[in-house]
Every structure is written in structure tokens, then in C-alpha cells.
Amino acid sequence: MSDCKQSHSFQIETSEVGVESGIENVSDEQMSKSENPSYVGQWDSIRESIETEGIVLKGSDCDSDGSCSEEHSVSFQIRNSLSNVSLRDSESIISTTTSGVSSCADDDSNQTLGFEATKPVIRKSLFPFVPPTIHFYLPDGNSKVYVPEDVEKFLKWQLTRTTPIVMKKILLNTGFKFTKQSSTWMGTWGRHMKSLEFQHLKPYQKINHYPGTFQIGRKDKLWRNISHMQNVHGIEEFGFVPLTFVLPHDSRKLWLFWNHSGNSDRWIVKPPASARGKGIQVIHKFSQLPKQGPFIVQKYITKPYLINGTKFDLRLYVYISCFNPLRIYLFKDGLVRFASVSYSNAVSSLKDRYVHLTNSSVNRTNEAYTIGSEKSYNGHKWTLQTLWTYMSQRGVDTSLIWNKIIDLVIKTIISCEPCVSLLTRVNVPSRYNCHEVFGFDVMLDESFRPWLLEVNISPSLHSSSSLDARIKGSMLTDLLNIAGFRIPPLLSKTAQSRLFETIQADPTCVCFDERLFDDVASADHKLKQNFYSVYGQEDYIPNILEHLSPNDVRLLVESEDELSRAGQFQRIFPSPTSFKYHVFFPSPRYNVNLLDAWEQTYHNNRTEGYNRLMELCNQHLHLKCSVECPKQVSVVSESPVFRRIAFVCRVGRSFRNRVHSRFPVRNYSSGSASAIQKLQRKRIGRSKGGSCNVSSSDDSLL
């Protein structure tokens, strides 16, 4: 071995979270293989300190209701840089090492001292002059992750009570440090917060929720949105949710329907915002309804598809990386959760929760509950792929069921898109700031028709078995990679230059660049948006792609980069067949049309599309932002009255056109504030007398 200098990195974070770290997957025998005496002494010192202090990181995994179940101990993964590993020649993933490691050039330069090859922590973009992203790894006990020293100090994750244990392991394995006090964290995973709190996010920070997603996370809100879509587009398109009544508001409707149906149906009663099977009961008499509190009453699926005599449901993971434009991913695997007692529709069995409920938190209390094996069709929890294998062996067309599930997911998300998009534009500084995973609970009836039971905005990521850990760990790893976390713009120019030499990228495109998420449209782009905001596909393909604006290039680069990191997630919207869902939006979406046109043009030849975007990125077109011009102001839209009405009104082109015809948008320079105030007072004076004049020309709201 040569005598070149090596930088040994043993990072043990204790100050931010008040804990010390242990060492995983590294044995004394492996460490003794190193010929570096300074390393051996450092190893002994670390091991001795851990054995004497014995401090571990404790955390809790919480379900969607925020309640924590049990504590776990997690050891920090030691990230070392002992081996001499050369950079990987890859177009998308760049291996990064600490300073001095790659400078050794002797015959032993590729030895790993008993470990497998290095895993790269920085993933290069497909396109030039686009910053790289952090690549996440699930711990496997063999290979190590190498983090550049300049980057490691900025890999901070805000720790919350609801951060799942499996995510902590992924973050620690990738080189992140947990913090509770620092304001320079890159990401966090916690409970939902109020819409106004999103305004305090820094441009380079990412949180795991969107404002307003309770529109599908609450059972009553979900039904209101689906019911509205049924009224507009027909029950044939949105009839995948069992008939539901929201009480006490729909008490009379339920009474009339109950009497008309002859009192022979089964109904399931659920609290609107609970989880883990709390407060759920199956009833068959009107007198059995709860006397107090809001709740929903849903028609019970009395003929479910049974396996081994028991009913089951599917827990599917749906990830939304962006709402504008809408991009939806569906994880190809999932969980199949069985009831622990054989199914019966008899009245005497309605009170048995082990018969009618499939929640794991309910059935695991049954002594007969077991976790299934992937090699056998037993137990009360399977993977989704095991279910597909089981059904395929019995002649069931599982691809048809999967396509129906995709249809169900897309329509459900679109039903809440107007409200979430509105609140996101008002409260979120950048489209980079938010992403979210949803837990869809779906049940199959005896004819293999999928029914949507509910949507969880904080699905449980607690791992009570190796099966849970494998599915959820793999899902979270791919999710974090799709999210595209970028290095914060806090590195010094010297550090950026060193990192530039490592990843072989432009030194100005190493850290997060806010320009890539700028959505301020120029005058020309606004004209293009207005022209191509249409429903007809033949009206925008292929002309919308002829002259791409900087905003267009940014969206397409972000979308293609994201798709290349999808892993086991399948992007279901946009897709080559997703145009049929455009009609369900309340008004045409330009950005949705743009991505659809790109999919139709290049889905069979993505290399051609990549080459076109590369050429535009080499011209720095994606980094060009709109020239600052007089701000477009609608004086009435600044009033609190407008903001309140805009929140409750559904966004629609007809509404905007009616208001714009009376209150047109005007351009005002920054020096005409007094003129704006006079005009505002004049218009407000006109509105006195009972009528409320509203202008909805504020593009940030509608």
C-alpha cells in the first residue's frame, strides 16, 4: 500500500439530538485488515467510548393519527473513507469520495479493505448545468456510503416525533445528521401543519405534506369531493366509492334511503378523522347509529373476494411529487392485510372486529394472527406481489385489476387537485418545497372490482416484521430519491470547486438553484399559456413543443430527471394514456398539456427527447428567468374579501372570465401606489350596498 494521505471520516453526531451513535455491520476482524496504524487506534477509541457511554438514539414510529406505539433503538451508521475507490464512470450516478482517497495511484488502489465497493451519495442529473441530487440507500450491511466532507456538514434532517424508524436508518446510512434546533435543515418528515406555516419554508427545504390534502385524508371531505365529481361527470366514472352519508348533515337522506332499501343492508360507521380501526362498527339497524359526534355511514361491501375464507384489503402507496403540474407515482408493491377470523355476513358476527376489520393494529391483538411467508400463501399479511402471483395461478387477470386501481387513484387525486393547488400557490414559496405519500386502502369484491375505502395522509410506516421493513424501506428509499433533495446553497466557493472536481460538473451548478423552480411567466409565455390551455389534444399536439420557453424547459427537465429516479414506483400521471383524465380538471391546465404532449411525442424514444433538452440546457435556457417588469396588480384581489371567496369558490375558467370582464387586470409600476389606493377605494365604494365585487385575476391564487 502506498503512503498517500487519506482522510478518515468517523462522524458521530451527539450535540443536536442528545444521543451518541453505535457502529453497525463492521467487525473487529474486518478492521484489523487495515494496515494504517492511526486507523486502528481511532477504531479502538471509538469502540471504547461507545461501550462506556452506551447511549443510543431512541425514536417512535407513529400511525396516521399521530399516536406513538413503541420505542426503538437505532444505531448510527459509521461512514468511513478507508478504501481507495476510483470514481465510477456513469452518466447518472457519480461516486464521491473524501479528499485524498482518489489521489492514490498504486496497484492496490481498488482494494476495499474487506468491504464491498463504495456507494455514491451524489447522483448527477441527466442534463448539463443542473445540480445533482442526494442518492439514498437502505442499509444492507455490506457496502458503505461515502460522503464528501464539504457536503456532509450540510446534510441535516429535522427530527420529529413521527419520523419513522426505517427512515432514520435510511438517512443515517446516507450520511444525514439529525437536528431539532438548526434552521438550515434540508428535509423533515412529520405531521401535517396549518397552511400558513408553509410560508416560512426556505427555498431549499422539503416537507412531506401539501397544504389542503385533508380534502382526501378526511373521510367526510373525500366523499364530498367524490360526490361532486359524480354529479358533474356521472357515477359511471366515479362510482368506485361505496355509497356514503355524512352525519349529522345527511341524516334525513340516510333515513329515507334506509327505509326505501327495506332495512336489509349492512352499514359500516366510521369517525371522519380516525385511524387504526378506532371507532369503527358494523350495524344493521338505524337505532344502532351513534347519538353524538360527526361520523360517516358507508354501505358495507357484503360480498368481498375471500382468500382462505377471510376478507382482506390492499394498502397501496401513492406518491405525489408535484401538484402543478400534477405528477403521480404508484408503488408497484404493497401490503395485503387480512382479517384474522373467517368472514361471515351473519348478524351475530357483526360485532366481531376480527371478522370485519382488516387493520393490522386491530388483528395483531388476536392470538391467531401470524405474518405470512412469501413462499407460502398463509398468514395474515402478504406482499402485493404475492397476491398477484396467487391470483394469476388461479386464472385471474391481475393486469386488468391493476389498471382499474390506477384509474381509481388518478381520479381520486384529481378530485382534490383544485383545492390543494390553490392553497399551494398561496402558501408554498416554491414547488420544490412539498411532496407527499398517501396510503390508499382498496378492497376487491367477488367480481374483482376495486373499491376505495379511505385515503391516509400519514400512512403508518411502523415495521413490526421483516416483511413490513422490506416493503416500507424499499418504498421510502425510492420515494426520497424521486424527491430529488439537493445540496443547500450554503457551500463556500472553495468547497464548491472541490466538489466540482469530484463530480465533474459545472462549478456553478453544484448546489440548489432557485432559478430551476421559478414559475414567473414572461409576457410571451403567458400568451402561450392562454393559447394552449385547451381540452382538445389535437389543439396542442405537436405545436406546444415547437418553441419551448425557459419555463417549459425547467418543467420538462425536472420531470425527466425525476422519472429516471423512480425505482419501483410507476408514474401513472402523466403517461402515454393519461390524456383521458384531462376532462376531469375544472379547467384546462397548460402544464398538464405540456407534459402530456411530451409523453405522446417521446415516450417511445426518450433518447431523442433527452438530446433535445440537453441542447437547450447547454444554451442555459432553463436558467433564464423572466425580466423584472411592472407587477401585475388587481386592486380588488388584494382585499381580504376576495381571498376568502377565492378559497371557497371552485376555480374555474367561467368564474374567472365573468369577473375579468368587469374588473380587468391592469399593469401598475411600483411608483403608482397612491393611484392604486385611490382606485381601490373607488371600487370598494361601488360595492357598498350589499353586492360583493370580486376579481380573480391574481394568478397566484387561481
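See above for the structure.
Presented here is a report on the structure given in the accompanying data block. For every chain, the first residue of the written sequence is number 1, and numbering continues from 1 along that sequence. Only residues with pLDDT of at least 70 are given local features in this predicted model, and only at 80 or more are side-chain atom pairs given and counted; all residues enter the totals for whole chains, interfaces and linings. Excluded from the side-chain calculations are hydrogens and water; all other atoms, namely the structure's heavy atoms, are used.

1. Section: helix 18 (residues 606-618)
- Taking 1.5 Å per residue as the helical rise, helix 18 with its 13 residues ought to reach 18 Å, and the 18 Å between its terminal C-alpha atoms agrees with that figure.
- When accessible area is computed with a 1.4 Å probe and restricted to protein chains, residues below 20% of their type maximum are described as buried, those above 50% as exposed, and intermediate ones as partly exposed. Helix numbering and strand numbering both begin at the N terminus, where a helix is a DSSP run of H or I of at least 4 residues and a strand a DSSP run of E of at least 2. Those residues of helix 18 lying buried are Arg606, Gly609, Tyr610, Leu613, Leu616 and Cys617. Viewed along the axis of helix 18, the buried residues span an arc of 125°, placing them on a single side of the element. The exposed set on the far side of helix 18, more than 90 degrees from its buried face, consists of Thr607 and Glu615.
- Tucked into the core, helix 18 has its buried residues touching helix 16 (550-564), strand 22 (569-573) and helix 17 (590-602).
- Taken from the residues just after helix 18, His620 is the one with a positive phi, measuring 60°. Helix span is expected to be 1.5 Å times the residue number reduced by one. As used here, the arc belongs to the directions running from the helix axis to the C-beta atoms. Every residue pair with non-hydrogen atoms within 4.5 Å of one another is taken to be in contact.

2. Quick word on the side chain of Arg266
- Note that Arg266 resides in the loop between helix 8 (251-261) and strand 13 (267-270).
- When sequence neighbours within four positions are dropped, the list of residues in contact with Arg266 reads Ile283, His284, Lys299, Tyr300, Thr302, Asn345, Val347 and Leu350.

3. Overview of the state of the cysteines
- Cysteine sulfur atoms that come within 2.5 Å of each other are treated as a disulfide pair. Inspection of the entire model under this criterion finds zero disulfides.
- Cysteine Cys509 shares no disulfide, and the gap to the nearest cysteine sulfur, in Cys617, comes to 9.4 Å.
- Take Cys509: its relative accessible area is 2%, and that puts it in the buried class.

4. Considerations on the nonpolar core
- Counting residues in hydrophobic clusters, the biggest one holds 73 residues, and the most contacted among them are Ile134, Trp157, Met475, Leu480 and Phe485.
- Among the secondary structure elements, those contributing two or more residues to this core are helix 4 (165-174), strand 16 (312-323), strand 17 (326-331), helix 13 (466-483), helix 14 (493-503), helix 16, helix 17 and helix 18.
- Here the element with the most residues in this core is helix 13; it accounts for eight residues.
- Discounting chain neighbours no more than four positions away, the residues touching Leu480 are Phe136, Trp157, Met167, Ile170, Leu171 and Phe485. Only buried residues count toward a nonpolar core, which is a set of Ala, Val, Leu, Ile, Met, Phe, Trp, Tyr and Cys residues joined through side-chain atoms within 4.5 Å.

5. Structural notes on the sheet that holds strand 15 (residues 295-299)
- Two strands are counted as paired when DSSP detects at least two bridges linking them. If you walk across this open sheet you meet the four strands as 12-15-13-14, and the pairing is antiparallel. Edge positions in the sheet fall to strand 12 (244-247) and strand 14 (281-283), since each of these pairs with one other strand and no more. The mean angle between the axes of side-by-side strands here comes to 25°, regardless of whether they run parallel or antiparallel.
- Strand direction decides the pairing type here: strand 13 and strand 14, joined by three bridges, are antiparallel. Axes here mean lines fitted to C-alpha atoms, for a helix over just the part in contact, with angles spanning 0 to 180 degrees between N-to-C directions.

6. Regarding unusual backbone geometry
- A cis amide bond links Leu247 to the next residue, Pro248, at an omega of 10°.
- Along the chain, Pro248 falls in the loop between strand 12 and helix 8.
- For the peptide bond that leads from Phe573 to Pro574, omega is 0°, which places it in the cis range.
- Structurally, Pro574 is set in the loop between strand 22 and helix 17.

7. Regarding the packing of aromatic side chains
- Any Phe, Tyr or Trp ring, taking Trp's six-membered ring, that has another such ring centre within 6.5 Å forms a pair; planes under 30 degrees apart are called stacked, those over 60 apart edge-to-face, and the others tilted. In this structure the tally under the stated criterion is 33 aromatic pairs.
- Ring geometry for Phe127 against Tyr610: centres 6.0 Å apart, planes inclined by 75°, an arrangement best described as edge-to-face. In this pair, Phe127 sits in the loop between strand 5 (122-123) and strand 6 (133-134) while Tyr610 sits in helix 18, placing the two residues 483 residues apart along the sequence. Judged on exposure class, the residue Phe127 and its partner Tyr610 are both buried.
- Ring centres of Tyr319 and Tyr329 lie 6.3 Å apart, and the angle between their planes is 45°; this geometry places the pair in the tilted category.

8. Some words on the pattern of salt bridges
- Here a salt bridge means any side-chain nitrogen of Lys or Arg lying within 4 Å of a carboxyl oxygen belonging to Asp or Glu. Taken as a whole, this structure holds 21 salt bridges when the rule is applied.
- One salt bridge in this structure joins Asp407 and Lys411, with 3.2 Å as the shortest N-O distance. One end of the pair, Asp407, and the other, Lys411, are both in helix 12 (residues 398-427), four residues apart, so they sit about a helical turn from each other.
- In this structure, Glu558 engages Arg431 in a salt bridge whose closest nitrogen and oxygen atoms are separated by 2.8 Å. On the criterion of sequence distance, the pair formed by Glu558 in helix 16 and Arg431 in the loop between helix 12 and strand 20 (436-444) is long-range, its members being 127 residues apart. Judged on exposure class, the residue Glu558 and its partner Arg431 are both buried.
- Connected via shared salt-bridge partners are Asp313, Arg315, Arg337 and Asp441.

9. Considerations on the side chain of Thr477
- By the element assignment, Thr477 lies in helix 13.
- Sequence-distant contacts of Thr477, defined by excluding residues within four places in its chain, comprise Phe136, Tyr137, Leu138 and Ile170.

10. Some words on the sheet that holds strand 8 (residues 156-158)
- The parallel open sheet is built from four strands, whose spatial order is 9-8-10-11. Looking along the sheet, the strands with just one partner apiece sit at the ends: strand 9 (177-179) and strand 11 (206-207).
- Bridge analysis of strand 8 against strand 9 gives three bridges, and the strand direction is parallel. The partner of Lys156 across the bridge, within strand 9, is Lys177.

11. Re the packing of helix 16 against helix 17
- Between helix 16 and helix 17, whose axes approach to 11 Å, the crossing angle comes to 60°. Here helix 16 lies oblique to helix 17, going by the angle between them. Considering only the axes of helix 16 and helix 17, their crossing is right-handed. Contacts between helix 16 and helix 17 pair Asp552, Leu555, Leu556, Ser559 and Glu560 from the former with Tyr590, Asn591, Leu594, Leu595, Trp598 and Glu599 from the latter.
- Under the scheme applied, nonpolar residues are Ala, Val, Leu, Ile, Met, Phe, Trp, Tyr, Cys and Pro; charged residues are Asp, Glu, Lys and Arg; polar residues are all the others, including Gly. Residues belonging to the contact of helix 16 with helix 17 are distributed by class as follows: six nonpolar, two polar and three charged. Each angle gets one of four labels, with under 35 degrees taken as roughly parallel, over 145 as roughly antiparallel, 65 to 115 as roughly perpendicular, and the rest as oblique. Helix crossings fall into two classes, left-handed where the near helix is turned counterclockwise from the far one by less than a right angle and right-handed where it is turned clockwise.

12. Observations concerning the pairing of strand 16
- The buried fraction of strand 16 is high, at twelve of twelve residues.
- In this structure, strand 16 lies alongside strand 18 (residues 335-338), joined through four bridges in antiparallel fashion. Residue Arg315 lies in a different strand from strand 18, and its bridge partner there is Leu335.
- Pairing analysis gives seven bridges linking strand 16 to strand 20, with the strands arranged antiparallel.

13. Considerations on the packing of helix 11 (residues 384-392) against helix 12
- With their axes 10 Å apart at the nearest point, helix 11 and helix 12 run at an angle of 135° to one another. The orientation of helix 11 with respect to helix 12, classified from their angle, is oblique. Seen from helix 11, the contacting residues are Leu384, Trp388, Met391 and Ser392; seen from helix 12, they are Thr398, Ile401, Trp402 and Ile405.
- A class-by-class count of the residues in the contact of helix 11 with helix 12 yields six nonpolar, two polar and no charged.

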